[in-house]
Amino acid sequence: PKRDWSSDVCSSDLQLNVRPRETIAELEQCLDEGAERVGVTVYDIESVEEILSYGVVGAIQLPLNPLDRRFVDVLPRIHDAGCACIARSIFLQGVLLEDPKNLRPEVSHLGDQVREFRRLCEKEGVTALEGCLAWTRAQVLLEGSIIGVQTSYELAEIMDAWTRVSQKIGRAHV
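## What about the overall build of the protein chain?
Here's step 1: Scanning the protein chain from N- to C-terminus turns up six helices and four strands.
Here's step 2: Listed N to C, the secondary structure of the protein chain is α-β-α-β-α-β-α-α-β-α in terms of helices and strands.
Here's step 3: For the protein chain, the residues scored as buried account for 36% of the 174 residues in total.
Here's step 4: About 10,600 Å² of surface is accessible on the protein chain, with carbon and sulfur atoms providing 51% of the total.

Okay, here's the thing in structure tokens:
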């Protein structure tokens with residue numbers, strides 16, 4: 001029987017690295033029940049090839065931002081396999097938007113890199129927020145980005161920055 005996916009999400013405790021056969025079977029069941037495509041989140045490059053080898057996944061969500069570029073070189077492989085590439089953590093969990101002097105202790109080791117990123121943004125005449133959005137937009141193989149916000153003000157700020165970036169680079173890729 002086909003599931004009405006307009007109000008339902010296929011989710012389960014999928015653990016590809018622990019129980020791959022069961023996980024792939026659960027993803028296939030989602031497709032059998034009417035999902036247009038299923039996606040997974042990856043944390044390391046090795047997982048990408050394994051996931052692609054199953055031929056089930058239609059979207060891969062991965063961390064991608066101006067400091068964490070681990071997945072840039074595999075974007076073509078994901079795209080060529082017919083999978084959507086979706087970026088997450090484009091602000092590096094907010095670290096790239098913080099003043100480097102005020103970084104949390106667990107990320108303070110990134111201070112020099114954040115300073116350099118902000119220096120480059122300033123040189124280009126953009127804010128750190130605009131710099132992150134512009135860098136992400138420049139990754140033409142991405143189908144989208146997931147951005148988390150805590151307030152409507154943050155959402156409005158990101159949307160305004162997106163508009164400014166769009167005008168500056170003249171491309172309406174969403």
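## Observations regarding the environment of Q61
Here's step 1: You can see Q61 is positioned in strand β2 (residues 59-63).
Here's step 2: Assessed through its relative accessible area of 21%, Q61 is described here as partly exposed.
Here's step 3: The spacing of Q61 and V42 is 19 residues in sequence and 6.3 Å in space, taken between C-alpha atoms.
Here's step 4: Apart from residues no more than four positions distant in its own chain, Q61 is found in contact with V40, T41, V42, I86, R88 and I146.

## Topic: helix α2 (residues 45-54)
Each full turn of the α-helix corresponds to 3.6 residues, which orients residues three or four apart in the same direction.
Here's step 1: Among the residues of α2, those classed as buried are V48, I51 and L52. One face of α2 carries all of its buried residues, which in axial projection span an arc of 95°. Seen from the open side of α2, the exposed residues pointing more than 90 degrees away from its buried face are E46 and S53.

## Some remarks on the nonpolar core
Among soluble globular proteins, nonpolar side chains are generally buried collectively.
Here's step 1: Formed by 42 residues in total, the largest nonpolar core has its most connected members in V42, I60, L62, L64 and I78.
Here's step 2: Dropping the residues within four chain positions of it, L62 is found in contact with V42, F71, L75, I78, I86, A87 and R88.

## As for the pairing of strand β3 (residues 84-88)
Here's step 1: Across the five residues that make up β3, a large majority, four, are buried.
Here's step 2: Where β3 and strand β4 (residues 142-145) come together, three bridges link them in parallel fashion. Directly across from A87, in β4, lies its bridge partner S145.

## Here's the deal with the sheet that holds β2
Here's step 1: Ordered by their spatial adjacency, four strands build an open sheet running β1-β2-β3-β4, and the pairing between neighbours is parallel. Two strands close off the open sheet at either side, each with one partner strand: β1 (39-41) and β4. For this sheet, the mean inter-axis angle between neighbouring strands, taken without regard to orientation, is 25°.

## What about the environment of S145?
Here's step 1: The topology assignment puts S145 in strand β4.
Here's step 2: With relative accessibility at 34%, the residue S145 sits in the partly exposed group.
Here's step 3: It is 8.5 Å that separates the C-alpha atoms of S145 and S89, two residues lying 56 residues apart in sequence.
Here's step 4: In this structure S145 touches I86, A87, I90 and T136, once residues within four positions along its chain are discounted.

## Quick look at the confidence of the model for the protein chain
Here's step 1: Considering every residue of the protein chain, the mean pLDDT works out to 87; 86% of them sit at 70 or more.
Here's step 2: In the model, residues 5-14 has pLDDT below 50 throughout and makes 15 contacts with residues more than four positions away in sequence or in other chains.

## Observations regarding a nonpolar patch on the surface
Here's step 1: A contiguous nonpolar surface patch, about 320 Å² in accessible area, is contributed by I147, V149, L155 and M159.
Here's step 2: Checked against the element boundaries, M159 lands in helix α6 (residues 152-169).

Reading the values: rules and limits
Residues numbered from 1 in each chain as written. Predicted model: local features only at pLDDT ≥ 70, side-chain atom pairs only at ≥ 80, totals over all residues. Heavy atoms only, no water. Helix = DSSP H or I, 4+ residues; strand = E, 2+ residues; numbered from the N terminus. Buried < 20%, exposed > 50% of the residue type's maximum accessible area, 1.4 Å probe, protein only. Areas by Shrake-Rupley, 256 points an atom, 1.4 Å probe, with all protein chains shown as cover. Contact = heavy atoms within 4.5 Å. Arc of directions from axis to C-beta. Core = buried A, V, L, I, M, F, W, Y, C linked by side-chain atoms within 4.5 Å. Pairing = 2+ DSSP bridges. Axes fitted to C-alpha atoms, helices over the stretch in contact; angles between N-to-C directions. pLDDT = per-residue confidence, 0-100. Patch = residues over 30% accessible without salt bridge, like charges linked within 9 Å, V, L, I, M, F, W, Y side chains within 5 Å. Salt bridge = Lys/Arg side-chain N within 4 Å of Asp/Glu carboxyl O.

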